[in-house]
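Chain by chain, the residues:
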Amino acid sequence: MSDQPTIDLSPQISDEVRQTTCYMCACRCGINVHLKEGRLTYIEGNRDHPINRGVVCAKGAAGIRQVMSPARLRAPLRRVGPRGSGDFEEISWEEALETAVSWLKPLRETAPEKLAFFTGRDQSQSFTGWWAQQFGTPNFAAHGGFCSVNMAAAGIYTLGGSFWEFGAPDWEHAKLLLLFGVAEDHDSNPIKLGLAKLKARGAKIVGVNPIRSGYNAIADEWVGITPGTDGLFILSLVHELLRAGKIDLDFLARFTNAPVLLDSDPRSETHGLFLRDAEGRPLVLDRRTGKPAPWDGEGVEPDLRGRLRRAGVTHRSVMHELAERYLDPAYAPEKVAERCGVSAAQIRRVAAELARAAFDDPVVLDRPWTDFRGVEHQTMPGRPVAVHAMRGISAHANGFQTARALHLLQSLLGAVETPGSFRFKPPYPKPAEAHPRPQFRATPGQPLEGPHLGYPQGPEDLALQDDGSAARIDKAFTWENPLSPHGLMHMVISNAAAGDPYRIDTLFLYMANMAWNSAMNTRGTMEMLTAQDEGGDYIIPRIIYSDAYSSEMVAYADLILPDTTYLERHDCISLLDRPISEPDAAADAIRWPVLTPDRDVRPFQSVLLDLGARLGLPGMTEADGSARYADYADYITNHERKPGIGPLAGWRMGPTGLTHGRGEPNAAQLESYIANGGFFTAHVPPEAAYYKPWNRAYQDWAVEFGLAETPQPYLIQLWCEPLRRFQLAAEGHGPQQPPEHLRGRIRATLDPLPIWYAPLSDAVEDPAEFPVHALTQRPMAMYHSWGSQNAWLRQIHGQNPLYLPTYWWQKLGLQDGDWVRVTSSHGGITVPAAHMAALNPSTVWTWNAIGKRKGAWALDPDAPEATRGFLLNHLIHELLPERGDGLRWANSDPVTGQAAWFDLRVKLEKSAAPEESQPAFGPMHSPIRRHTGDC
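Residues numbered from 1 in each chain as written. Predicted model: local features only at pLDDT ≥ 70, side-chain atom pairs only at ≥ 80, totals over all residues. Heavy atoms only, no water.

Visitor: In this structure, what is going on with the overall build of the protein? I would like to understand it.
Guide: The secondary structure content of the protein amounts to 23 helices and 36 strands. A globule of 935 residues ought to have a C-alpha radius of gyration of about 30 Å, and the protein, at 27 Å, matches this closely. Its C-alpha atoms give the protein principal-axis dimensions of roughly 85 × 80 × 75 Å. The buried share of the protein, reckoned over its 935 residues, is 66%. Side-chain charges in the protein split into 92 positive and 110 negative, and the spacing between the mean points of these groups amounts to 4 Å. (Helix = DSSP H or I, 4+ residues; strand = E, 2+ residues; numbered from the N terminus. Rg over C-alpha atoms; globule rule 2.2 N^0.38 Å. Buried < 20%, exposed > 50% of the residue type's maximum accessible area, 1.4 Å probe, protein only. Lys, Arg positive; Asp, Glu negative; His and termini not counted. Charge placed at Lys NZ, Arg CZ, Asp CG, Glu CD.)

Visitor: Can you walk me through the nonpolar core in this structure?
Guide: Generally speaking, a soluble globular protein has its nonpolar side chains buried in company with each other. In terms of nonpolar packing, the biggest core is built from 290 residues, with Trp 131, Phe 233 and Leu 804 touching the most fellow members. Discounting residues that sit within four places of it in the chain, Leu 804 has contacts with Trp 809, Leu 812, Leu 814, Val 820, Ala 833, Ala 834, His 835, Met 836, Leu 839, Val 844 and Leu 908. Core analysis: the second largest hydrophobic core is formed by 7 residues, Ala 463, Ala 471, Ala 476 and Phe 477 among them. (Core = buried A, V, L, I, M, F, W, Y, C linked by side-chain atoms within 4.5 Å. Contact = heavy atoms within 4.5 Å.)

Visitor: What should I look at first to understand the layout of surface pockets in this one?
Guide: Space left empty within the atom packing is revealed by a probe, the size of a water molecule, rolled over the atoms. Volume-wise, the second largest pocket comes out at about 530 Å³. The wall of the second largest pocket is formed by 26 residues, among which Pro 50, Arg 53, Trp 171, Lys 197 and Glu 582 lie closest to the centre. The dominant element in the lining of the second largest pocket, judged by the number of residues it contributes, is helix α6 (residues 188-201), at 5 residues. Here the lining of the second largest pocket is built from residues that sort into 12 nonpolar, 5 polar and 9 charged. (1 Å grid on protein atoms, 1.4 Å probe; cavity = no way out; pocket = protein on both sides within 12 Å on 5 of 7 lines; lining within 4 Å. Points joined across faces, edges and corners; volume = space filled by probe spheres on them. Nonpolar A, V, L, I, M, F, W, Y, C, P; charged D, E, K, R; others polar.)

Visitor: Help me understand the confidence of the model for the protein, please; the structure alone is not making it clear to me.
Guide: Do not read the predicted coordinates in detail wherever pLDDT is low. Across the protein, the average pLDDT comes to 95, with 99% of residues at or above 70. Below a pLDDT of 50 lies the segment residues 931-935, which in the model reaches 9 contacts outside its immediate sequence neighbourhood of four places, other chains included. (pLDDT = per-residue confidence, 0-100.)

Visitor: Mind showing me how you'd approach the sheet that holds strand β5 (residues 88-90) here?
Guide: Hydrogen bonds along the backbone pair up the strands of a sheet, which may run parallel or antiparallel. In spatial order, the strands read β5-β4-β25-β24-β23-β6-β7; together these 7 strands make up an open sheet with mixed pairing. What marks the edges here is a single partner per strand, and that holds for β5 and β7 (140-141). As judged from the 2 bridges shared by strand β24 (residues 542-546) and strand β25 (residues 559-560), these two strands associate in the parallel manner. Residue Ile 544 lies in a different strand from β25, and its bridge partner there is Leu 559. Docked against the sheet, helix α4 (residues 125-135) engages β6 (115-119), β7 and β23 (506-510), running at close to 175° with respect to β6. (Pairing = 2+ DSSP bridges. Axes fitted to C-alpha atoms, helices over the stretch in contact; angles between N-to-C directions.)

Visitor: Help me understand the sheet that holds strand β12 (residues 261-263), please; the structure alone is not making it clear to me.
Guide: If you walk across this open sheet you meet the 3 strands as β12-β16-β15, and the pairing is antiparallel. Across the chains shown, the open sheet's two edge strands, defined by having one partner strand only, are β12 and β15 (307-310). Here the average twist between neighbouring strands, direction ignored, is 30°. Inspection of the sheet shows β12 paired to strand β16 (residues 313-317) by 3 bridges, in the antiparallel sense. Paired with Leu 261 across the two strands is Ser 317, which belongs to β16.

Visitor: Got a minute to help me understand the packing of aromatic side chains in this structure?
Guide: On inspection of all chains with the given rule, the structure shows 44 aromatic pairs. Here the aromatic rings of Tyr 510 and Phe 604 are separated by 3.9 Å at their centres, their planes lie at 20°, and the arrangement is stacked. Of this pair, Tyr 510 sits in strand β23 while Phe 604 sits in helix α16 (residues 604-615), and the two are 94 residues apart along the sequence. Take Tyr 510: its relative accessible area is 0%, and that puts it in the buried class. Between Trp 651 and Phe 680, the aromatic rings sit 5.4 Å apart at their centres with planes inclined by 70°, giving edge-to-face as the arrangement. Of this pair, Trp 651 sits in the loop between α17 (632-638) and β28 (652-654) while Phe 680 sits in strand β30 (residues 679-683); the two residues are 29 residues apart in sequence, bridging distant segments of the chain. Of the two residues examined, Trp 651 and Phe 680, each falls in the buried class. Within the aromatic cluster, the residues linked to one another by ring pairs are Phe 117, Trp 131, Phe 135, Phe 140, Phe 508, Tyr 510 and Phe 604. The ring of Tyr 23 carries Arg 591 above its face, with NZ or CZ at 4.1 Å from the centroid. In this structure, Lys 692 packs its charged tip against the face of Tyr 698, placed 6.0 Å from the ring centre. (Phe/Tyr/Trp six-rings, centres within 6.5 Å; stacked < 30°, edge-to-face > 60°. Lys NZ or Arg CZ within 6 Å of the ring centre and 35° of its normal.)

Visitor: Looking at this structure, I do not really get unusual backbone geometry. What am I missing?
Guide: Both trends apply: most residues other than glycine have a negative phi, and most peptide bonds are in trans. Geometrically, the link from Tyr 428 to Pro 429 is a cis peptide bond, its omega value of 20° lying close to zero. Checked against the element boundaries, Pro 429 lands in the loop between β22 (422-424) and α14 (492-498). Of note, the bond from Gln 918 into Pro 919 is cis; its omega dihedral lies within 30 degrees of zero at 5°. You can see Pro 919 is positioned in the segment after β36 (905-911). Although it is not a glycine, Arg 53 sits at a positive phi angle of roughly 50°. Along the chain, the position of Arg 53 falls in the loop between β3 (39-45) and α1 (58-61). You will see that Met 511, though not glycine, has its phi angle at about 50°, which is positive. Residue position: Met 511 is located in the loop between β23 and α15 (522-530).

Visitor: Could you clarify how one ought to interpret helix α21 (residues 740-749) in this entry?
Guide: Note that an α-helix has 3.6 residues per turn; residues three or four places apart therefore point the same way. The complete set of buried residues in α21 reads Leu 742, Arg 743, Arg 745, Ile 746 and Thr 749. Next to the buried residues of α21 lie α13 (399-412) and α20 (721-730).

Visitor: Mind showing me how you'd approach the environment of Asp 263 here?
Guide: Within the secondary structure layout, Asp 263 lies in strand β12. By relative accessible area, which is 5% here, Asp 263 ends up buried. Separated by 46 residues in the primary sequence, Asp 263 and Arg 309 place their C-alpha atoms 9.6 Å from one another. Apart from residues lying up to four places away in sequence, Asp 263 is in contact with Ser 268, Thr 270, His 271, Gly 272, Leu 273, Val 313, Thr 314 and His 315.

Visitor: Teacher, can you tell me more about helix α3 (residues 93-110) here?
Guide: With 18 residues, α3 should cover 26 Å at 1.5 Å per step; its first-to-last C-alpha distance of 26 Å lies within 8% of that length. Within the sequence span of α3, burial applies to Trp 93, Ala 96, Leu 97, Thr 99, Ala 100, Val 101, Trp 103, Leu 104, Leu 107 and Arg 108. Among the structural elements, β6, α4, β23, β24, β25 and α16 are those in contact with the buried residues of α3. (Expected span 1.5 Å × (residues − 1).)

Visitor: What is the right way to look at the state of the cysteines in this model?
Guide: As used in these notes, a disulfide is a covalent bond between sulfur atoms, one from each of two cysteines. Tallying each qualifying case throughout the model produces 0 disulfides. Sulfur of Cys 27: no disulfide; nearest cysteine sulfur belongs to Cys 25 and is 3.5 Å away. Classification of Cys 27 as buried rests on a relative accessible area of 4%. (Disulfide = S-S within 2.5 Å.)

Below, the structure written as structure tokens:
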């Protein structure tokens with residue numbers, strides 16, 4: 001046996017461990033990055049991190065291959081061939097920055113709006129938005145408009161906060177979890193940890209999703225809903241709860257605007273608006289006196305049955321309107337079941353389960369607290385029904401109202417910010433009126449007066465020019481989509497190419513793959529990016545793009561500013577933006593350069609600061625014209641959004657030393673974060689942990705910590721008055737009036753109570769001709785389109801089939817290995833097919849962003865991602881088909897402008913197998929010089 005080899009079962013994998021924050025999805029988990037002799041060897045989860053507590057997923061572990069990817073850009077590039085060819089030459093950073101300044105400086109001095117600056121899935125939108133504000137262009141937004149703005153806007157306008165980044169289920173106390181449209185790419189580690197807790201306690205999980213994969217596969221009950229009908233299903237649940245009297249009357253009276261009095265006279269110019277006192281406060285009827293009183297009056301006990309006659313006008317509570325609306329037999333399970341693809345019996349069963357969990361076995365915590373009216377409570381009672389939702393309900397043209405319907409359901413159960421239900425994460429809760437209004441008036445040489453993105457309260461807040469035309473290139477905050485706080489990134493290129501509402505000069509994009517998987521109408525977008533006028537000039541004259549990798553979009557830019565990978569730069573996951581908070585704690589985090597780039601690349605945020613200094617932008621230069629910040633790390637440390645409030649909340653300087661929350665800049669702040677594992681946590685006091693919008697202890701803590709300037713208690717807005725103000729305008733009231741062709745749509749869709757209407761595309765596409773719904777979702781192993789060029793993750797998803805339900809599989813006579821032709825009203829694709837039984841019978845689906853274009857991402861031309869991978873994007877247009885009125889309507893939600901990706905309808909045919917997936921595009925030249933030993 002002496003000649004047997006000796007195997008080291010515990011080899012030393014590293015000689016140094018550096019802790020930072022993952023960027024392989026938006027969880028922002030803590031990771032331990034192992035280095036050996038300075039080289040990256042291993043990534044694992046940080047056990048002390050509040051988000052993942054040591055868990056690391058396939059994406060996070062594969063970060064090794066992300067920072068070694070052969071697709072990494074290596075130096076600044078200038079286009080030398082036609083757009084789309086991929087022909088570039090390397091240039092120096094000085095030449096690149098001088099070029100960018102030569103394009104941008106004349107615009108700032110003469111017409112700042114001619115710069116359109118839009119960013120993709122970066123995590124520094126507080127900073128990039130500030131930069132664009134200082135430049136003075138109104139044309140800034142990030143990817144939320146084609147991702148989740150319906151969910152975010154509905155949550156803030158209704159609850160004062162939304163799901164996922166700003167709210168979470170109470171995993172510790174929930175007894176029933178209702179999941180709507182949640183795929184596995186977002187927030188996956190916290191959700192997996194939470195689901196494990198629920199399973200261990202025997203709590204029930206109900207998954208509502210056309211596709212039974214991932215979380216829905218482990219749900220105790222699956223509701224295989226027909227896409228786009230979630231809102232109708234939810235309102236049927238509301239109908240059943242109201243009919244059975246299973247609603248939390250005390251919660252509704254105390255913490256929602258259900259008791260607020262409305263003008264109920266249809267002849268009144270203020271019909272549907274709140275009755276207010278002289279100070280503008282909405283009024284309720286006080287049960288103690290029988291008289292009207294302000295909603296937040298000390299000791300007031302609001303009456304849900306309130307009715308009042310004043311000055312010849314009858315006012316009655318929102319609760320009257322709510323009950324009349326949803327007790328209508330049109331919402332009965334038998335009436336909606338067929339349309340929803342869910343049996344009436346299942347609708348009733350889910351409603352009964354919700355009622356049982358909420359009312360038969362409530363959670364009561366023995367914690368005294370005082371509400372905003374001064375009422376002292378000895379306990380914190382809760383309804384242990386938790387709800388979580390994501391893109392599945394959001395990416396429809398009815399998604400805003402569907403999300404509001406879900407919030408109505410939560411509120412009727414008393415399942416908002418109570419033990420066992422949905423909880424806010426700091427800096428939320430924050431009512432819509434506490435947010436800024438959108439700013440849009442461009443003045444040459446000056447910054448905007450405030451942030452671009454905000455929450456309109458009525459027509460007076462729309463971003464319109466004096467002639468009524470859109471002030472923004474994406475037409476956000478217009479009569480076409482009044483409440484669009486994330487902008488409409490999917491409309492920027494289309495509008496710019498059409499010169500509607502005006503021409504732009506420079507399109508500046510960051511990490512937004514608009515020439516491929518981030519665009520509706522992919523072929524059309526590529527054509528728009530290369531379109532030329534009669535003189536041979538590009539219609540969009542200049543395109544600057546920054547990315548870390550050679551994506552499809554790189555080939556369509558004129559100037560490339562190469563970014564670092566996430567382990568080679570500083571990042572700030574800020575409470576001013578999208579923090580890593582949990583309901584019991586405010587938390588933020590950083591990334592820092594645990595590796596040094598081996599290429600001539602620079603962090604994009606530092607490049608922006610350099611450009612800002614060269615352009616002389618306010619806040620980025622000193623009085624003598626020199627740069628205020630050396631780089632992004634310097635900005636993170638020393639920038640103050642207002643006195644005492646900076647990008648990071650931890651380890652600031654107070655009068656007597658270190659403090660947290662409010663405080664002066666601290667030169668050693670980043671070192672403190674690094675020493676703490678890359679994150680900071682400030683725990684919410686136990687007496688402030690629940691009932692946050694109405695809890696005096698929480699409101700006081702939020703002010704002390706710096707999350708708010710004053711206490712701001714508010715009511716859940718079941719009746720959304722801003723929506724009613726737009727309706728009133730459409731009915732002819734007020735000085736701001738919509739175009740005639742939009743009046744009917746505004747009246748129908750901007751209802752102040754949640755409604756359901758069919759997706760807008762149903763009015764222009766024949767459901768009989770296109771009977772099948774087609775969806776995409778991101779797999780757990782992907783998030784960014786980066787993932788499908790990652791050497792490890794490619795082994796999980798190297799190609800993607802179209803999954804067909806049993807009905808269509810059999811109807812088309814398909815077998816394993818067959819291909820199908822998929823046709824929409826816009827275009828067609830031919831793709832590999834696969835069978836999936838656990839699927840809504842009228843739905844097909846595929847993984848998103850697996851398909852790649854040849855020549856991109858440094859992949860081999862014959863890579864499966866480029867030959868058998870595909871996109872559904874080729875079937876989707878950013879505009880709906882013409883409907884006979886000469887207009888092309890945006891394929892978006894009419895309230896927020898959210899891209900309606902999931903309203904796609906198609907028809908299916910069996911196809912002979914082509915050589916590769918169709919459509920196929922010619923290869924681009926790769927700007928990457930292949931280096932050996934990279935992967």
